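Reading the structure
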Amino acid sequence: MSVSLTPGSLARLLGEWNVGAAPAYRELADVVRLLILDGRVGLDVALPSERSLAAALGISRTTVTAAYALLREQGFLSSGQGSRSRSCIPSQGPGHAGGHDGALRLSGAPGLAVPEGILDLAYASLPASGEVVHRAFAAALTELPALLPGFGYDALGVGPLREAIAARYTAAGVPTTAAQILVTSGAQHALNIVLRTLAGRSGTKVLVEHPSYPNALDAIRAAGCRPVPVAMPAATASGARPSGRSQGGRVHSAPARSGTGGWDLEAMETALLQQRPAMAYVVPDFHNPTGRLMPDSERRRLVKAAAASGTVLVADETLRELNLDGAASTPMAAFSPAVVSLGSLSKSHWAGLRTGWIRASEPLIQRFAAARTTLDLGGPVVEQLAAAHLVNAMTEPLPARLAALRENRDALVELMRTHLPGWEPEWPDGGLSVWCRLPAPISTALAVVAPDVGIRLAAGPRFGVGGAFEQYLRLPFTLPPEQLETAVLALRAAQDRLEAAPQLRRNLSAPPAAAIA
């Protein structure tokens, strides 16, 4: 059944929308766009005609016409000839309303290509490690002819890469054979295989940290599973970086919250005992988005609790190599052979490699391989041969990358201290991003207005369940310091705009207090 919105209903949703902070048509378009993104105006809902809405709001029809035109250009309204405009979300494909260049209409949608001039803070990812990746592919091409007589299908992955990954686990104190490794097309692919195998029934419970990685939460929901969120403790307030000095020796004076809040192991143990989820998904190594590192004592407790509840513990180690301050930790699998480990080269080397893996017991690997063949029949061979070279020489690009990331992290927190004094960034032990507490629940509103000031954001609620983390924002430090400065100044401009036009964030639901980490 077609749904429509009356002029009076939309007027009530708009409230006091015109405060004079921008042209009236722009203010009207901004608030309607926020209503669509926030879900208060559903998708494919027919909006009032220009004439009727103008009458209801007591403004000129020209203003409404201009606002609707801007929303169509941005991809938030679609309409056919002679029909009422209908709400929608920008789409990357051709043939949608709103301009000739799809990228221009997608500037506010995290995870999609951005136009020139937009700094993308929705991705926490690095460009390729240059010559290292190039050399690996050159070497792979010389090895390819020996494999060409074969069929090219291998659900487990090519032998050299599985052996290289196994050797790396063994060197880290977790004895591993190639038979315990399954190569995947990235960690996300690995997680989907694990979910299909271990939690394939609708309604199956999966314990997750809260906040957690958005794509993991999406995969859990898409598998028909029910996330069981366990809140992470709030970071400890601190006047400086916890140790007061970066690894490079420079004194760090920017106020930041220490990541010593860690994990709430008592709450996790209780949830495992009471809920008995089939699976628990955790990121113990430089947690995404907080950047925290789980101490070995907590890893041991968590492994024991998972075993007691009959829960398969899945540890995402994608960020493990990005250890910015040299903190020591033991891989989760060292504490139990039942742990399933996920890894990837996407964060340490390049996301374009699309190479990840699963480490588990041999029987589980066989089950994962059987489930994998319902998704695909194996990965591309050349990429796997190149990845084997990268894994065997894992430390080659890392020192320079880590040094640059430390500099970027210091610069970002210092810039926030200078230009966003009300924001509270949590100091990350590693990884690629800072998890920041905002002065007000404005995360979604910031993401809405961000493209207008030249940046793109992933709003805090993307990292949670049930609308939590509206007062949080993840900010990657993968850009060089000069671009980080541009981004922070843009964030300040976005915040100023929201403060000048409070109707843009009116009625945003505050997250439940217990869900704020």
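This text gives an overview of the structure that appears in the document. (Residues numbered from 1 in each chain as written. Predicted model: local features only at pLDDT ≥ 70, side-chain atom pairs only at ≥ 80, totals over all residues. Heavy atoms only, no water.)

Quick look at the overall build of the protein
To keep things clear, this is the line we draw: Here a helix means four or more residues in a row that DSSP labels H or I, a strand means two or more in a row labelled E, and each is numbered from the N terminus. Relative accessibility decides the category of a residue: with a 1.4 Å probe and only protein chains considered, values under 20% of the type maximum give buried, values over 50% give exposed, and everything between is partly exposed. For this analysis, residues touch if any pair of their heavy atoms sits within 4.5 Å. Note on areas: Shrake-Rupley with a 1.4 Å probe; residue coverage comes only from the protein chains shown.
A tally of regular secondary structure across the protein gives 16 helices and 16 strands. Residue burial in the protein is summarised as follows: out of 517 residues, 52% are buried. A separation threshold of at least 6 residues defines the contact pool for the protein, and within that pool the share at least 24 residues apart is 73%. Of the accessible surface of the protein, which amounts to about 20800 Å², a share of 56% is contributed by carbon and sulfur atoms.

Quick look at the sheet that holds strand β9 (residues 279-282)
To keep it simple, the criterion reads: For two strands to count as paired, DSSP must find a minimum of two bridges between them. Here the axes come from fitting lines to C-alpha atoms, over the contacting stretch only for helices, and the angles between their N-to-C directions go from 0 to 180 degrees.
The strand order across the open sheet built from seven strands is β6-β12-β11-β10-β9-β7-β8, with neighbouring strands paired in mixed fashion. Single-partner strands in this sheet number two, and they are β6 (181-184) and β8 (226-231). Strand-to-strand, the axes of this sheet are offset by a mean angle of 20°, without reference to chain direction. Of the strand pairs in this sheet, strand β11 (residues 340-344) and strand β12 (residues 356-359) are connected by four bridges, and their pairing is antiparallel. Opposite S344, over in β12, you have G356 as the bridge partner.

Regarding the packing of helix α6 (residues 130-143) against helix α13 (residues 381-392)
To be explicit about the condition: What sets the label is the angle itself: under 35 degrees gives roughly parallel, over 145 gives roughly antiparallel, 65 to 115 gives roughly perpendicular, and the rest give oblique. Crossing chirality is assigned from the near helix's rotation relative to the far helix, an anticlockwise turn below a right angle marking it left-handed and a clockwise turn marking it right-handed.
Packing of α6 against α13 brings their axes to within 8 Å, and their N-to-C directions diverge by 125°. As the angle between them shows, α6 and α13 are arranged oblique. As for how α6 packs across α13, the hand of that crossing is right-handed. Contact with α6, carried on its side by V132, V133, A136, F137, A139, A140, L141 and E143, involves V382, E383, L385, A386, H389 and L390 of α13 and no other residues of that element.

Quick look at the sheet that holds strand β13 (residues 424-426)
Strand order in this open sheet of three strands is β13-β14-β16, and the pairing throughout is antiparallel. The open sheet has two free edges, formed respectively by β13 and β16 (472-476), since each of these has just one partner strand. When the angles between neighbouring strand axes are averaged without regard to direction, this sheet yields 30°. Across three bridges, β13 lies against strand β14 (residues 433-437) in antiparallel orientation. By the bridge assignment, E424 is partnered in β14 with R437.

Some remarks on the packing of helix α8 (residues 187-198) against helix α12 (residues 362-372)
As a reminder of what qualifies: Classes in brief: Ala, Val, Leu, Ile, Met, Phe, Trp, Tyr, Cys and Pro nonpolar; Asp, Glu, Lys and Arg charged; the others, Gly included, polar.
Two elements in contact, α8 and α12, have axes whose closest approach is 9 Å; the angle formed by their N-to-C orientations is 100°. One element, α8, and the other, α12, form an angle in the roughly perpendicular class. Across the interface between the two elements, H189, I193, V194, R196, T197 and L198 from α8 touch L364, R367, F368, A371 and R372 from α12. Looking at the contact of α8 with α12 residue by residue, the classes come out as six nonpolar, two polar and three charged.

Quick look at the pairing of β9
Moving residue by residue along a regular strand, the side chains alternate between the two faces of the sheet. The following threshold applies: Note on handedness: a crossover is taken as right-handed if, strands pointing away from the viewer, the path from the first strand over the helix to the second is clockwise.
Going residue by residue along β9, you find M279 and Y281 tucked away on one face and A280 and V282 tucked away on the opposite face as well. As defined by bridge partners, β9 adjoins strand β10 (residues 312-316) across four bridges and the pair is classed as parallel. Each residue of the ladder has a partner; that of Y281, found in β10, is V314. In this view, the connection linking β9 to its parallel neighbour β10 by way of helix α11 (residues 296-309) has right-handed handedness.

So, the nonpolar core
Note the cut-off: The set of buried Ala, Val, Leu, Ile, Met, Phe, Trp, Tyr and Cys residues whose side-chain atoms join them within 4.5 Å is what this entry labels a nonpolar core.
Formed by 47 residues in total, the largest nonpolar core has its most connected members in L161, I165, L302, L313, M332 and L345. Listed by contribution, the elements that provide at least two residues to this core are α6, α7 (159-171), β6, α10 (265-275), β9, α11, β10 and α13. In terms of residue count, α13 provides more of this core than any other element does, eight residues in total. I442, L446, V449 and V488 belong to the second-largest nonpolar core, a separate cluster that totals 43 residues.

Some thoughts on the environment of G157
Structurally, G157 is set in the loop between α6 and α7. Overall, G157 belongs to the buried group, its relative accessible area being 1%. With 227 residues separating them in the primary sequence, G157 and Q384 have C-alpha atoms 7.6 Å apart. Once residues lying within four places of it in the same chain are set aside, the contact partners of G157 are R162, V183 and Q384.

Structural notes on unusual backbone geometry
A negative phi angle is the norm for most residues apart from glycine, just as the trans form is the norm for most peptide bonds. Cis geometry is adopted by the peptide bond preceding P211, which originates at H210 and carries an omega value of 15°. Residue placement: P211 occurs in the loop between β7 (205-210) and α9 (214-222). At the junction of N288 and P289, the peptide bond is cis and its omega measures out at 25° in the coordinates. Within the secondary structure layout, P289 lies in the loop between β9 and α11. The phi dihedral of R354 falls on the positive side, at around 50°, and the residue is not glycine. Within the secondary structure, R354 sits in the loop between β11 and β12. A positive phi angle, close to 70°, is found at F469, a residue other than glycine. Considering the arrangement of structural elements, one finds F469 in the loop between β15 (455-456) and β16. For F469, a relative accessible area of 0% gives the class buried.

What about the pattern of salt bridges?
Counted only if it meets this: Criterion for a salt bridge: a side-chain nitrogen of Lys or Arg within 4 Å of a carboxyl oxygen of Asp or Glu.
On inspection of all chains with the given rule, the structure shows 22 salt bridges. Here R26 and D30 are joined by a salt bridge, their closest N and O atoms 3.9 Å apart. One end of the pair, R26, and the other, D30, are both in helix α2 (residues 24-37), four residues apart, so they sit about a helical turn from each other. When its relative accessible area of 24% is taken as the criterion, R26 is described as partly exposed. With its nearest N and O atoms 3.2 Å apart, the salt bridge here joins R33 to D30. Separated by three residues within a single helix, R33 and D30 lie in helix α2, roughly one turn from each other. Of the residues examined, R33 reaches a relative accessible area of 4% and is grouped as buried. Here the salt bridges share partners, and the residues they tie into one network are R26, D30, R33, D452 and R497.

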